[in-house]
Amino acid sequence: MDRKSIKSLCALGVLSSASALAGETELSTVDNSFVMICTALVILMSIPGIGLFYGGLVRAKNMLSVLAQSLVIFSLLFVLWAIYGYSLSFGTNESELVNSFLGNFDKFLMKGITPDTLRDSLSDLTFFSFQGAFACITGCLIIGSFAERIKFSALLFVIVVWFTFSYVPLCHMVWGGGYIDSSWHAYDFAGGTVVHINAAVCALVGAYFAGKRIGFGRENMTPHSLVMTMIGVALLWVGWFGFNAGSELAADGTAALAFANTCVAPAAAALSWTAAEWLLMKRPSLLGACSGAVAGLVAITPACAFVGIGGALIIGLVSGVICLWGIHGLKKLLRVDDALDVFGVHGVGGITGALLTGIFCAPSLGGMGYNEGWETMMGQFTGQFASVVISVLWAGIVSFVAFALAGKIFGGVRVSLDEEREGLDLTTHGERAYNFM
């Protein structure tokens, strides 16, 4: 492998710079242990983190439905990842045209993968597990937009279609050497496009298909437990260190930069959201601070290894304010009941972070430099913009088809009005989160 290929793969997090440049082909127990820990942290984000964050934001009668959706979607996607997702995402297809969008089936059902199979300095099984956790949390993010009214059966069908035709191709296009990487040389270290924009667009489409909740805009729909939401955010922030730093796939200086930026950006975003909310709405809320922290985590995700601390600080400050507008101003313009503001935070934050990566990666602004193929800030920004547009359109088209098919197959994607009024915990799952209800 030549240095140009190595540099490109390092920029994508597929290779660690230290091991690649040294020509390392043996298992690094340090790197392998580091990535296994990071994988566990990403799983921490998904099941308890997303579950409690979203669960606290819904009404008490729908708490268990959110937890069930998170757990089952995570489990479903890891199974699909093992069957064909990993092979199609990170395989290399012999056809150049096909390889622009998908890999191959060489590792179908993990064929040929053993404890001795290596992917550079890592066990192939460790890389498989780490990337699988990414796919799973992306699916879990989607559920917040149409919470409290979606059919469980229709949701699972949509998730399978979305994973197969949206997540897997976008993952390959960005991280597997496909079209976005090879043609646009876009930076996305840990998932601004693949994870956040991808999930948020699907969530927004689903919110339109599901329609507005009964009483939306008239009845009180305040979160039933901000304590749980705060715990969920704390788990998300801790897990995000594995999400971002782990994407280097090595315990080196680049991982340390991603780790530090994951401290700075969400902290700045939580403060800017709180300050803006205090100024505009006359009081700072815990929910606002929590939402701001998540917005900063989302925005720094694509940029965390490519910008300096100063760039991360500005990305955090900007994302806090613009995502606040996303859940108040943009949401009204879109005329949609995005129940838990998935698009306002993950969509707007992901787009903001992806675009600002093209600016603050500039060496003159303390960044790490432009990706292979670009020599100017405008060039890199063009690549970032193209990656955003492609991701939005791709995820939007796939999601529209998925929800349309689900509606036809399951007689609509939304539960009946009586079921919605009684709550999904009892009507869908036959259980209650709280026995006193």
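Details of the structure are given in the entry above.
A. Region of interest: the packing of helix H11 (residues 253-281) against helix H12 (residues 286-300). Their axes nearest at 7 Å, the elements H11 and H12 cross at an angle of 140°. By the angle between their directions, the pair H11 and H12 is classed as oblique. H12 is crossed by H11, and the crossing has right-handed handedness. Together, Asn261, Thr262, Ala265, Pro266, Ala269, Ala270, Trp273, Thr274 and Glu277 of H11 and Gly288, Ala289, Ser291, Gly292, Ala293, Ala295, Gly296, Leu297 and Ile300 of H12 make up the contact between the two elements. Residue composition of the contact of H11 with H12, by class: ten nonpolar, seven polar and one charged.

B. Structural detail: empty space enclosed by the protein. All chains considered together, the criterion is met by five cavities of 30 Å³ or more. Computed from the structure, the second largest cavity encloses a volume of approximately 50 Å³. As for the second largest cavity, its lining consists of Leu204, Gly326, Ile327, Leu330, Lys331, Leu334, Val336, Asp338, Asp341, Phe343 and Gly344. Tallied by class, the residues present in the lining of the second largest cavity amount to six nonpolar, two polar and three charged.

C. Up close: unusual backbone geometry. With a phi close to 65°, Leu249 is a non-glycine residue in the positive phi region. Mapping Leu249 onto the fold places it in the loop between helix H10 (226-245) and H11. Here the phi dihedral of Arg335 falls at roughly 55°; this positive angle occurs in a residue that is not glycine. Here Arg335 lies in the loop between helix H13 (309-334) and helix H14 (342-360).

D. Quick look at the nonpolar core. Membership of the largest hydrophobic core comes to 117 residues, with the highest contact counts inside it found for Tyr54, Trp81, Phe134, Phe163, Tyr167, Trp175 and Phe243. Ranked by residue count, the leading element in this core is helix H7 (residues 152-175), at 14 residues. Residue contacts for Tyr167: discarding those within four places in its chain leaves Trp81, Gln131, Phe134, Ala135, Thr138, Trp162, Trp175, Val194 and Asn198.

E. Up close: a nonpolar patch on the surface. Side chains of Phe209, Phe385, Val389, Leu393, Ile397, Phe400, Val401, Leu405 and Ile409 sit close together on the surface and give an oily, nonpolar patch of about 840 Å² of accessible area. Here the element with the most residues in the nonpolar patch is helix H15 (residues 377-410); it accounts for eight residues. Along the chain, the position of Val401 falls in helix H15. Its relative accessible area of 41% is what places Val401 among the partly exposed residues.

F. Representation of the state of the cysteines within the structure. Per the stated rule, a full pass over the model turns up zero disulfides. This cysteine, Cys171, is not joined by any disulfide, and Cys136 carries the nearest cysteine sulfur, 12 Å off. The class for Cys171 is buried, based on a relative accessible area of 0%. Cys361 carries a free sulfur, and the closest cysteine sulfur to it, the one in Cys304, is 13 Å from it. Accessibility expressed as a relative area gives 0% for Cys361, which makes it buried.

G. Fine view of H14. An ideal rise of 1.5 Å per residue puts 27 Å on 19 residues; H14 measures up with 25 Å between its terminal C-alpha atoms. Counted residue by residue, H14 has 17 buried out of 19 residues, so it is predominantly covered.

H. The side chain of Arg213, seen in detail. Residue position: Arg213 is located in the loop between helix H9 (192-210) and H10. Within polar-contact distance, the side chain of Arg213 engages the side chain of Glu148 at 2.9 Å. The contacts of Arg213, once residues within four sequence positions are left out, are Arg59, Ala147, Glu148, Arg149, Met221, Asp337, Ala339, Arg414 and Glu420.

I. Structural context of the pattern of salt bridges. Using the criterion set out here, one finds seven salt bridges in the structure. As a salt-bridge pair, Glu148 and Arg213 come within 2.9 Å of each other at their nearest N and O atoms. Separated by 65 residues along the polypeptide, Glu148 in the loop between helix H6 (124-142) and H7 and Arg213 in the loop between H9 and H10 bring together distant segments of the chain. By the burial criterion, Glu148 is buried, and Arg213 matches it. In this structure, the salt-bridge partner of Lys331 is Asp341, at a minimum N-O distance of 3.0 Å. With Lys331 in helix H13 and Asp341 in the loop between H13 and H14, this pair connects stretches of sequence that are ten residues apart. Note on Lys331: relative accessible area 17%, which makes it buried. According to the relative accessible area criterion, Asp341 is buried, its value standing at 18%. One salt-bridge network, in which partners are shared between bridges, spans Arg59, Glu148, Arg213 and Asp337.

J. How the structure looks around the side chain of Asn244. Here Asn244 shows up in helix H10. Among the residues examined, Asn244 registers a relative accessible area of 0% and is labelled buried. Residues contacting Asn244, with those up to four places away along its chain left out, are Phe189, Ala190, Ala258, Thr262, Ile300, Thr301 and Cys304.

K. Broad picture of the environment of Cys171. Topologically, Cys171 is positioned in helix H7. Cys171 sits 40 residues away from Gln131 along the chain, and the two C-alpha atoms are 9.6 Å apart. Excluding residues within four positions of it along the chain, Cys171 makes contact with Ser89, Phe90, Gly176 and Val194.

L. Up close: the packing of H9 against H15. Between H9 and H15, whose axes approach to 8 Å, the crossing angle comes to 40°. With respect to H15, the element H9 is oriented oblique. H15 is crossed by H9, and the crossing has right-handed handedness. In this structure, H9 contributes Thr193, Ile197, Asn198, Val201, Cys202, Val205, Gly206 and Phe209 to the contact, and H15 contributes Ser387, Val388, Ser391, Val392, Ala395, Gly396, Ser399, Phe400, Phe403 and Ala404. Classifying every residue of the contact of H9 with H15 by side-chain character gives eleven nonpolar, seven polar and no charged.

Parameters and conventions
- Residue numbers here run from 1 along each chain, matching the order of that chain's written sequence.
- Reporting of local features is limited, given that this is a predicted model, to residues whose pLDDT is at least 70; pairs of side-chain atoms are given and counted only at 80 or more, and all residues count toward the totals for whole chains, interfaces and linings.
- The side-chain values count all of the structure's non-hydrogen atoms but skip hydrogen atoms and water molecules.
- Fitted lines through C-alpha atoms give the axes, limited to the stretch in contact for helices. The angle between two N-to-C directions lies from 0 to 180 degrees.
- Runs of H or I in DSSP of at least four residues are treated as helices and runs of E of at least two as strands, each being numbered from the N terminus.
- For classification purposes, an angle smaller than 35 degrees is called roughly parallel, one larger than 145 roughly antiparallel, one from 65 to 115 roughly perpendicular, and anything else oblique.
- Take the far helix as your reference; a near helix turned counterclockwise from it by less than a right angle gives a left-handed crossing, and one turned clockwise gives a right-handed crossing.
- Note on contacts: a residue pair qualifies if any of its non-hydrogen atoms lie within 4.5 Å across the two residues.
- Polarity classes work like this: nonpolar for Ala, Val, Leu, Ile, Met, Phe, Trp, Tyr, Cys and Pro, charged for Asp, Glu, Lys and Arg, and polar for all others, with Gly in that last group.
- We place a 1 Å grid over just the protein atoms. Points where a 1.4 Å probe fits but has no way out form a cavity, open points with protein on both sides within 12 Å along at least 5 of 7 lines form a pocket, and any residue with an atom within 4 Å of a point lines it.
- Grid points are joined across faces, edges and corners, and a volume is the space filled by probe spheres set on the points.
- The term nonpolar core refers to a set of buried residues drawn from Ala, Val, Leu, Ile, Met, Phe, Trp, Tyr and Cys, joined through side-chain atoms within 4.5 Å.
- When accessible area is computed with a 1.4 Å probe and restricted to protein chains, residues below 20% of their type maximum are described as buried, those above 50% as exposed, and intermediate ones as partly exposed.
- Each patch is built from salt-bridge-free residues with over 30% relative accessible area, joining like charges within 9 Å and nonpolar side chains (Val, Leu, Ile, Met, Phe, Trp, Tyr) within 5 Å.
- In short, Shrake-Rupley with a 1.4 Å probe defines the accessible areas, and a residue's cover is counted only from the protein chains shown.
- Any carboxyl oxygen of Asp or Glu that lies within 4 Å of a side-chain nitrogen of Lys or Arg is treated as forming a salt bridge with it.
- Note that a disulfide, as used here, is simply two cysteine sulfur atoms within 2.5 Å.
- Given a helix with a known number of residues, its expected span is that number minus one, times 1.5 Å.
- The definition of a polar contact used here is a pair of N or O atoms within 3.5 Å, where within protein one atom must be able to donate a hydrogen and the other to accept one, and adjacent residues in sequence count solely through side-chain atom pairs.

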